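Observations on the model geometry
What follows is the residue order along each chain.
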Amino acid sequence: MQNKSAYYLNLGNKYLNLNNVDLAIKNYLLALEEDPENFLIYHNLGVSYLIKNEPKLAFENFKKSIENGFKTVETYYYYLKAAFDCGNYEECLRVKANENFFIDMNLIKIKAAMKLNKYNLALEILEQLKMNGFSSQELNLMEKIINLRNI
């Protein structure tokens, strides 16, 4: 029933654009009933759950989206963000930072490494960002924290 699925997916997208996340989710779930392997539905559900601050549900949906073949740079970024937000720090370290979200993804990876007390890894990632010319107050603060932990 691709037609019904597309109808619900489009309706969900319209509700999401209107910031009615609950109705968007309801329609995405109806779309999934019709087409349970549609990676775009899982991706959009993940976005909706991130907006609702439900990182575990967001993580599960981004994971299904990727497993079903939707491997966009945006999906991986949101997957990493959801993994961090739900405390799945080991998974954060497994995700490769992509070019489009290189800085943001690596900042998340540094925080994940610090949460796991892997300060040497956090420092490696931090140094990579600095070598790429990135500098910020947040990065400087992270570096100070890492250096204090590595004493």
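Described in the following lines is the structure provided in the data block. Computed from a predicted structure; not experimentally measured.

One can find S5 in helix α1 (residues 2-17). Once residues within four sequence positions are removed from consideration, S5 is found in contact with A31, E34, D35, N38 and I41.

Within this structure, the stated rule accounts for seven aromatic pairs. With centroids separated by 4.5 Å and ring planes inclined at 5°, the aromatic side chains of Y77 and F101 adopt a geometry described as stacked. In this pair, Y77 is assigned in helix α5 (residues 73-85) and F101 in the loop between α6 (89-94) and α7 (102-115), connecting sequence segments 24 residues apart. According to the relative accessible area criterion, F101 is partly exposed, its value standing at 21%. Ring pairs connect the aromatic residues F62, Y77, Y78 and F101, which therefore count as one cluster.

Inspection of the entire model under this criterion finds seven salt bridges. The closest approach of N and O atoms between K81 and D85, which form a salt bridge, is 3.3 Å. Of this pair, K81 and D85 both sit in helix α5, four residues apart, which is roughly one turn of that helix. Overall, K81 belongs to the partly exposed group, its relative accessible area being 30%. Across the pair K118 and E90 runs a salt bridge whose closest N-O atoms are separated by 3.4 Å. On the criterion of sequence distance, the pair formed by K118 in the loop between α7 and α8 (119-131) and E90 in helix α6 is long-range, its members being 28 residues apart. Given a relative accessible area of 33%, K118 falls into the partly exposed group. Among the residues examined, E90 registers a relative accessible area of 34% and is labelled partly exposed. By sharing partners, the salt bridges in this structure join D22, K52 and E54 into a single network.

Calculation rules
Residues numbered from 1 in each chain as written. Predicted model: local features only at pLDDT ≥ 70, side-chain atom pairs only at ≥ 80, totals over all residues. Heavy atoms only, no water. Helix = DSSP H or I, 4+ residues; strand = E, 2+ residues; numbered from the N terminus. Contact = heavy atoms within 4.5 Å. Phe/Tyr/Trp six-rings, centres within 6.5 Å; stacked < 30°, edge-to-face > 60°. Buried < 20%, exposed > 50% of the residue type's maximum accessible area, 1.4 Å probe, protein only. Salt bridge = Lys/Arg side-chain N within 4 Å of Asp/Glu carboxyl O.

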